[in-house]
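Coordinates in review
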Amino acid sequence: MLLSAVAQAQPNIALIKYWGKRDAALNLPATDSLSLTLDSLWTRTRVRFEPGLTQDVLEFNGGANAAMQPRVAACLDWIRALAGSTLRARVQTRNNFPTAAGLASSASGFAALVVAATQALGLALNPAELSVWARRCSGSAARSIFGGICTLENGREADGSDTCARALLGADAWPLEVVVAVTSLERKAVSSGTGMQSGTRTSPYYAAWVDTAHGDLQRAKAAVASRDFAALAHVSEHNCLKMHAVMMTSEPALIYWTGATLATLQRVRALRERDGRHVFFTVDAGPQVKAVCLPEDADSVASALRAVPGVQTILRSRLGAGARCIADSTEI
Ligand code: 2P0
């Protein structure tokens, strides 16, 4: 057994979103979701189990990260139990994009952690099994195990052992591009987990959100199957705005948007409805706007969004591969 492995995972952007849990202890989502795995944004993680360590040690972007330490240790505990190991690990991880700012860093982070840790302990898990463990660590991480377009639907088992992501389309099967308009680089004040809990308890719209999620997923899957960009645009924007309606009507209210977020949404709609561009928006638990477009419209979408007052920077990505091990010699 090597006891050490390095993995890379990319964040994913949900078009049909996970917001709310049907079982918090097992981290089972209350809503089905569908997402695009990105290519040019990544997390790289080295996990090295060392006999001399008395606790797990986390190094994040070259420094300590006390806030993430308990979640990383809990994730490693599950993997140790599976492998029958008691060894503690040194974890080095790096993101090439802003963390905890609504860019799905927990998705890529926990997917990379699960792939590296299971490999290091000699567990030969298939993608569905990796996805179950990644989901246990962070719901959205289940989807970053797969590339291209995938879904995360509720399974039948009460223990969640079949609640894992499933591949829908490979990264090259429908060439889409995501243009991210970054409107703030600050870490979010309220985590997704805390926001979901509050929405479940307090938003009068939460029940309707959950009731309509499966229908949205079916519409999105049909749009993907027929490469119907307009239909995917329609259901994705609708689903996104329903999730933000739940957030905004939680008590206390959760408003992740800035003024620039709203200005960018309006710009995306004008690009589509007035200029005929193939583009639609989605926004996650943060202020950034992700504009999904066909490649032929990506340059004009990027330059239009760069010009929106308050947009600080633009990131661009095609769809990419799922989480995987990379060379052990990779610098983190
Ligand atoms: C999503 N988000 O489907 C939705 C859209 C944020 C908004 O999944 O508590 O960080 O770790 O399971 O995975 C963020 O939730 O939450 C998320 P946990 P996670 O992408």
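A short tour of the structure in this document, coming up. (Residues numbered from 1 in each chain as written. Predicted model: local features only at pLDDT ≥ 70, side-chain atom pairs only at ≥ 80, totals over all residues. Heavy atoms only, no water.)

**Observations concerning the site of the ligand**
Taken together, 18 residues lie around the ligand, and Tyr18, Lys21, Ser138, Gly139 and Ser140 are the ones closest in. At 2.8 Å, a side-chain N or O of arginine 71 approaches an oxygen atom of the ligand. Within the contact set of the ligand, an oxygen atom lies 2.7 Å away from a backbone nitrogen or oxygen of glycine 139. Coverage of the ligand by the protein amounts to 91% of the 470 Å² it exposes when considered alone. Top element by residues in the shell around the ligand is helix H5 (residues 192-202). It accounts for three residues. (Near = heavy atom within 4 Å. Polar contact = N/O pair within 3.5 Å; in protein donor to acceptor, adjacent residues only side chain to side chain. Areas by Shrake-Rupley, 256 points an atom, 1.4 Å probe, with all protein chains shown as cover. Helix = DSSP H or I, 4+ residues; strand = E, 2+ residues; numbered from the N terminus.)

**Observations regarding the state of the cysteines**
Working definition of a disulfide: a covalent bond connecting the sulfur atoms of two cysteines. Evaluation of the coordinates by the stated rule reveals one disulfide. A sulfur-sulfur distance of 2.3 Å marks the disulfide that ties cysteine 75 to cysteine 137. Taking the sign of the S-S torsion, 75 degrees for the link of cysteine 75 and cysteine 137, the bridge is right-handed. Placement of cysteine 75 in helix H1 (residues 69-83) and of cysteine 137 in helix H3 (residues 127-137) is noted, with a sequence separation of 62 residues between them. Comparing cysteine 75 with cysteine 137 shows no difference in burial state: the two are buried. The thiol sulfur of cysteine 150 is not disulfide-bonded, and the nearest other cysteine sulfur, from cysteine 164, lies at 10.0 Å. We classify cysteine 150 as buried; its relative accessible area is 0%. The thiol sulfur of cysteine 325 is not disulfide-bonded, and the nearest other cysteine sulfur, from cysteine 75, lies at 14 Å. (Disulfide = S-S within 2.5 Å. Buried < 20%, exposed > 50% of the residue type's maximum accessible area, 1.4 Å probe, protein only.)

**Some points on the sheet that holds strand S10 (residues 149-152)**
Taken together, the four strands give an open sheet; going across it, the order is S2-S5-S10-S11, and neighbouring strands pair in antiparallel fashion. With one partner strand each, in any of the chains shown, strand S2 (12-16) and strand S11 (165-169) form the two edges of the open sheet. In this sheet, adjacent strand axes meet at a mean angle of 35 degrees when their direction is disregarded. In this structure, S10 lies alongside S11, joined through four bridges in antiparallel fashion. By the bridge assignment for S11, isoleucine 149 is matched with leucine 169. (Pairing = 2+ DSSP bridges. Axes fitted to C-alpha atoms, helices over the stretch in contact; angles between N-to-C directions.)

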